[in-house]
Amino acid sequence: MRAYVHLLAMFGTLSLLSIGGGNAVLPQMHLEAVSGEHWLTNAQFADIFSISQAAPGPSILIVTLVGYAAGLTVGGVFAGMVGGIAATAAMIIPAAALVYVLTRFWQRAQKSRLRHAVEKGFAPLTVGLILATSLVMSRAADHDWRAYVLTGLCTLIFVFTKINPLIMVGAAALIGYLGVV
Amino acid sequence: MSKRTFRTIPILFMSEIDPPLQKVSLFELAWTFNHIALASFGGGLSAWSRQVLVVDKRWMDEEEFLSAMTMCRIMPGANQVNMAVFVGTNMGGIPGAMAALFGLCLMPVVFILTMGYLYFRFKEVPALKGALHGASAAAVALTFAMVIKTGRKCLTGVVPVLLFLASFVLSGLVRWPLPITLAVLAPLSLVWAWPRKLAA
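Residues numbered from 1 in each chain as written. Chains lettered and ligands numbered in written order. Predicted model: local features only at pLDDT ≥ 70, side-chain atom pairs only at ≥ 80, totals over all residues. Heavy atoms only, no water.

*Asks:* Just checking my understanding: could you explain the overall build of chain A for this structure?
*Replies:* The helix and strand inventory of chain A stands at eight helices and zero strands. Counting the 181 residues in chain A, one finds 50% classified as buried. Here chain A displays about 8,000 Å² of accessible surface, and carbon together with sulfur accounts for 70% of that area. Distance between charge centres in chain A, computed from 10 positive and 6 negative side chains, equals 23 Å. (Helix = DSSP H or I, 4+ residues; strand = E, 2+ residues; numbered from the N terminus. Buried < 20%, exposed > 50% of the residue type's maximum accessible area, 1.4 Å probe, protein only. Areas by Shrake-Rupley, 256 points an atom, 1.4 Å probe, with all protein chains shown as cover. Lys, Arg positive; Asp, Glu negative; His and termini not counted. Charge placed at Lys NZ, Arg CZ, Asp CG, Glu CD.)

As structure tokens, then:
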């Protein structure tokens, strides 16, 4: 029980602190889960990080695995599942409530100059941030030259053809599965 | 002076004709975000969000999507979770936000719990790791392609290109924390984009 309470309190707090996305609070999460509570070893933390990065869905899902590991120390697999779900909910709900309030405010600002300026002015900024993200992503995934060639090829295909991107992702996964990249 | 009529048109267009708000069922909202989440195998969730929300469903236009993305980054929380709340709220209030969140998270949580079970049970999932590694190369490519596609539309002058380069260099190369990068660049971009009062 104590582990669950700690999970909820810890991720509920980190949720509101995660300005700039989940990765911003990763160091603090590591500190509490590995050094503080010993739910995981250092190597396990690194492994679940790489699993959660490539898995589908929001990148925040490393939280689910930290919660799972915390639950495992309490009971068996079932306790782990409960821990994973509790941690995920604690991480999502506080921040989501805040975004809801902001969105409501934004709807009322429909015709304001501020909204017009934000929509026009933030667009180029965002494109720069996305380019930065893709650079950081490929570094974090520990890509070698073969992976970069694959990335380059896929980029050309995505820009110049209308092929469903999912087909390329599947093909790239197969190439990775076969150990080529 | 002869330019004036041309300049008024887009501003009126922006403020008076809102993008059509379709009536969308909660199920469709949840299903759409589920689709976005599952497509992002290997990463690239932002690129998939744009593909589905802007290109396929036309629930938002390009500028609205991009500005919402940056606002979702400023707010606490994972930015794709925030985007789901933003879109869900716009389409259907609190139930809409909950449906979008549920759709975005349910299957990924099931998937990652399964992975967690396998990992802690067997300590290693090498075949899956290889597949995820390969998929991530394509996911990065999808993100690059998004930069090229959105950049073509909004990098149409010297100032936007400078803003784009500055945010890339500060965030991607110098690795400033996002709040500081935005504290410097957001005011500049707002000054540039602020609708000028037209002489009567």
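*Asks:* Before we go on, may I ask you to explain the overall build of chain B in this structure?
*Replies:* The helix and strand tally for chain B stands at eight helices and zero strands. From first element to last, N terminus to C terminus, chain B shows the α and β order α-α-α-α-α-α-α-α. Counting only residues that meet the buried cut, chain B has 53% of its 200 residues in that class. A separation threshold of at least 6 residues defines the contact pool for chain B, and within that pool the share at least 24 residues apart is 57%. (Contact = heavy atoms within 4.5 Å.)

*Asks:* Quick question: what am I supposed to make of the interface of chain A and chain B here?
*Replies:* Put simply, an interface is often sized by how much accessible area is lost when its parts join up. Contact residues are listed per partner, giving 93 residues for chain A and 97 residues for chain B. A buried area of about 8,700 Å², summed over both sides, lies between chain A and chain B, and 77% of it is on carbon and sulfur atoms. Its salt-bridge partner being E64 of chain B, residue R115 of chain A comes within 3.6 Å of it at the nearest N-O pair. At the surface where chain A touches chain B, the tally comes to ten residue pairs in polar contact (both at pLDDT 80 or more). If you list the elements that add at least two residues to the side of chain A that touches chain B, you get α1 (2–17), α3 (42–54), α4 (62–74), α5 (77–108), α6 (113–140), α7 (145–160) and α8 (165–177) of chain A. The element best represented in the side of chain A that touches chain B is α6 of chain A, accounting for 27 residues. Of the residues belonging to the side of chain A that touches chain B, the class tally is 56 nonpolar, 28 polar and nine charged. (Buried area = accessible area lost by both parts, 1.4 Å probe. Salt bridge = Lys/Arg side-chain N within 4 Å of Asp/Glu carboxyl O. Polar contact = N/O pair within 3.5 Å; in protein donor to acceptor, adjacent residues only side chain to side chain. Nonpolar A, V, L, I, M, F, W, Y, C, P; charged D, E, K, R; others polar.)

*Asks:* Sorry, what's going on with the environment of L65 of chain A here?
*Replies:* Mapped onto the elements of the fold, L65 of chain A is located in helix α4. Under the relative-accessibility criterion, L65 of chain A is labelled buried at 0%.

*Asks:* Looking at this structure, I do not really get the packing of helix α2 (residues 26–36) of chain A against α4 of chain A. What am I missing?
*Replies:* Residues and elements named next belong to chain A. In the contact formed by α2 and α4, the axes pass within 12 Å of each other and the chain directions differ by 5 degrees. The angle between α2 and α4 places the two elements in the roughly parallel class. Here L26, M29 and A33 of α2 lie close against α4, whose contacting residues are I62, V63 and V66. (Axes fitted to C-alpha atoms, helices over the stretch in contact; angles between N-to-C directions. Parallel < 35°, antiparallel > 145°, perpendicular 65-115°, else oblique.)

*Asks:* Explain the packing of aromatic side chains here, please?
*Replies:* Two numbers describe a pair of aromatic rings. These are the distance of the centres and the angle of the planes. This model, assessed by the stated rule, comprises three aromatic pairs over all chains. Between the aromatic rings of F27 of chain B and W31 of chain B, the centroid separation amounts to 6.0 Å while the plane-to-plane angle is 15 degrees, which identifies the pairing as stacked. With a gap of four residues between them, F27 of chain B and W31 of chain B both fall in helix α2 (residues 26–39), about one helical turn apart. By way of ring pairs, the aromatic residues Y68 of chain A together with Y119 and F120 of chain B are connected into one cluster. (Phe/Tyr/Trp six-rings, centres within 6.5 Å; stacked < 30°, edge-to-face > 60°.)

*Asks:* It is not clear to me how helix α4 (residues 62–74) of chain B should be interpreted in this structure. Could you clarify?
*Replies:* Residues separated by three or four positions in an α-helix point in the same direction, a consequence of the helix having 3.6 residues per turn. Residues and elements named next belong to chain B. Here α4 contains 13 residues, and its C-alpha end-to-end distance of 19 Å stays within 8% of the 18 Å for a straight helix at 1.5 Å per residue. In terms of burial, α4 is a largely internal element, eleven of the 13 residues being buried. Every buried residue belonging to α4 is among E62, E64, F65, L66, S67, A68, M69, T70, M71, C72 and R73, and all of these are buried. (Expected span 1.5 Å × (residues − 1).)

*Asks:* How should I be thinking about the side chain of T88 of chain A in this particular structure?
*Replies:* Among the secondary structure elements, T88 of chain A is positioned in helix α5. At 2.6 Å, the side chain of T88 of chain A forms a polar contact with the backbone oxygen of G84 of chain A. Ignoring anything within four residues of it in the chain, the contact list for T88 of chain A reads L61, V63 and T64 of chain A together with V109 of chain B.

*Asks:* Would you mind going over the pattern of salt bridges with me for this structure?
*Replies:* Pairing is possible between side chains that carry opposite charge, provided their charged atoms lie close to one another. Inspection of every chain in the model, using the stated rule, returns seven salt bridges over all chains. Ionic pairing is found between D144 of chain A and R146 of chain A, a salt bridge with its closest N-O pair at 2.9 Å. Given the relative accessible area of 27%, D144 of chain A is considered partly exposed. Its relative accessible area of 36% is what places R146 of chain A among the partly exposed residues. One network of salt bridges, in which partners are shared, links R115 and E119 of chain A together with E64 of chain B.

*Asks:* Even after reading the chapter, I still don't get the packing of α3 of chain A against α4 of chain A, so can you show me in this structure?
*Replies:* Packed helices, taken two at a time, are described by the angle between their axes plus the distance between the axes. Residues and elements named next belong to chain A. Direction vectors running N to C along α3 and α4 enclose 140 degrees, while the axes themselves pass 9 Å from each other. One way to sum up the angle between α3 and α4 is to call them oblique. Like other packed secondary-structure pairs, α3 and α4 cross with a definite hand, here right-handed. Taking contact as the criterion, the partners of F45, I48, F49, I51 and S52 in α3 are, on α4, I62, L65 and V66. The residue inventory of the contact of α3 with α4, partitioned by class, reads seven nonpolar, one polar and no charged. (Left-handed = near helix turned anticlockwise from the far one by under 90°.)

*Asks:* I would appreciate a short explanation of the state of the cysteines in the present structure.
*Replies:* Cysteine pairs can be covalently joined through their sulfur atoms, and such a bond is termed a disulfide. Counting across every chain of the model gives zero disulfides over all chains. The structure places no disulfide on C72 of chain B, whose sulfur is separated from the nearest cysteine sulfur, that of C105 of chain B, by 14 Å. (Disulfide = S-S within 2.5 Å.)

*Asks:* Got a minute to help me understand the environment of L38 of chain B in this structure?
*Replies:* You can see L38 of chain B is positioned in helix α2. On the accessibility criterion, L38 of chain B (38% relative accessible area) is partly exposed. C-alpha of L38 of chain B to C-alpha of G172 of chain B: the two residues are 134 residues apart in sequence and 27 Å apart in space. Look past the residues within four positions of L38 of chain B in its chain and what remains in contact with it is P56 of chain A together with M107 of chain B.

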